[in-house]
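Residues per chain, in single letters:
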Amino acid sequence: MPAVTCANLLALPRIERPDPATATVRPVISLTTAPGGFEGEGFPVRRAFAGVPDHLLDPFVHMDQMGEVDYAPGEPRGTAWHPHRGFETVTYMIDGIFEHQDSVGGGGVITNGDTQWMTAGGGILHIEKPPESLVVSGGLFHGIQLWVNLPRVLKMTPPRYQDIGAANQVLLASHDGGTLVRVIAGEIAGHGGSAQTHTPMAMLHATLSPGAELVLPWAATNNALVYALSGYGFAGPERQAMRQGQLAVFGDGDTLTVAAAEGQNSSSAMLDVLVLGGEPIREPLAKYGPFVMNTSAELQTAFDDFRAGRLGQIPADHIGH
């Protein structure tokens, strides 16, 4: 169950339903199923964007659903120290706990609804791992890591770290009172999230009760993606059936719709979705491993700079040693 909840949705500000007479509802143009894989030192992930063309994702580059997994003692895994350049990494911890440290002094612990927003920019080294206490005890681990591209003029911007606590999430209710919406970044219905983004975008986590419908006003200049974290539901005006681990990509319009099925299952009593949208950058994309640039020559420079130590040094008091 997501950590950030609300006992009384009716007490929250409502997202007014757009006027059907003037709204242009976005159709679903593709539905894909995320394949499983492993990341870092071996934690399980679903590759949410696999098989989706880059131009439909722009400005987003990559997204993993980490878990959901209930680790036995000794099983939790993280990543080793590794570099990034040219984009931002967003780690949203739904359940569980992760430690972060980077080469420019950023870092901390994120847990149960917290978000770590790291701008790699011109270059950074970092590490993410479960704390030793979780390794010893085991426990639930579930989160999202999203990569947000930076435009050419910001590729080499200085690195930045934002620690966005769960208490800073803006909580809203849908028009019918059946959905809890957590605003992590961007603005929805006049309510803005805490994250400072270089790229105009929105990131929401919505929990829909069985049978509930979420109708969102959505900037016509942004793309629109909905990823099912758990449960069963329907996307778009055509009510395209979707389930856990599937990504719906929407076409043009200014209104976004998703609904929860009446019948869920014992492990997912509700439909949980991540809703994403951003203003496309529309620049050439060259990506390989931990770097996201505009050209292959820039990728080679990034690898050369990493090998030469120009992307930073591992701190002497580093975690994970």
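Above this text sits the structure in question.
Given the structure is predicted, the values throughout are model-derived calculations rather than measurements.

(A) View of the pairing of strand E8 (residues 107-111). Two elements, strand E7 (residues 97-102) and E8, share five bridges in a ladder whose sense is antiparallel. Across the sheet, Gln101 pairs through a bridge with Gly107, a residue of E8.

(B) Representation of the packing of aromatic side chains. Counting across every chain of the model gives five aromatic pairs. Relative to Trp147, the ring of Phe87 has its centre 4.4 Å away and its plane inclined at 35 degrees; by these criteria the two rings are tilted. Residue Phe87 is found in strand E6 (residues 87-95), and its partner Trp147 is found in strand E11 (residues 139-149); the two are separated by 60 residues along the sequence. Comparing Phe87 with Trp147, the two get one shared label, buried. Note on Phe98 and Phe141: the rings are 5.1 Å apart at their centroids and 55 degrees apart in plane angle, and the pair reads as tilted. Taken together, the residues Phe98 in strand E7 and Phe141 in strand E11 connect sequence positions 43 residues apart. Comparing Phe98 with Phe141, the two get one shared label, buried. Feature note: the residues Tyr71, Phe98 and Phe141 constitute an aromatic cluster, connected by ring pairs. A cation over a ring is seen here: Arg239 above Phe234, with NZ or CZ 4.2 Å from the ring centre.

(C) Representation of unusual backbone geometry. Backbone torsion omega between Asp58 and Pro59 reads 20 degrees, so that peptide bond is classified as cis. If you trace the backbone, Pro59 turns up in the loop between helix H1 (54-57) and strand E4 (60-71). Here Arg282, not a glycine, exhibits a phi torsion of approximately 55 degrees, which is positive. Mapped onto the fold, Arg282 is located in the loop between strand E24 (271-278) and strand E25 (286-288). Residue classification places Arg282 among the exposed positions, given a relative accessible area of 68%.

Calculation criteria
- Per-chain numbering applies: the sequence of each chain, read as written, is numbered from 1 onward.
- Local features are withheld for residues below a pLDDT of 70 in this predicted model, meaning they are given only at 70 or higher, and side-chain atom pairs are given and counted only at 80 or more; totals for whole chains, interfaces and linings count all residues.
- Heavy atoms from the whole structure form the basis of all side-chain values; hydrogens and water molecules are not counted.
- Two strands form a pair only when DSSP identifies at least two bridges running between them.
- Strands here mean DSSP runs of E at least two residues long; helices mean DSSP runs of H or I at least four residues long; both are numbered from the N terminus.
- Pairing of aromatic side chains here covers Phe, Tyr and the six-membered ring of Trp, requires ring centres within 6.5 Å, and sorts the geometry by plane angle: under 30 degrees stacked, over 60 edge-to-face, intermediate tilted.
- Only protein chains enter the accessibility calculation, which uses a 1.4 Å probe; a residue whose area is less than 20% of its type maximum is buried, one above 50% is exposed, and one in between is partly exposed.
- Criterion for a charge above a ring: Arg CZ or Lys NZ at most 6 Å from the ring centre, at most 35 degrees from the ring normal.

Any functional reading would require information that these geometric values do not contain.
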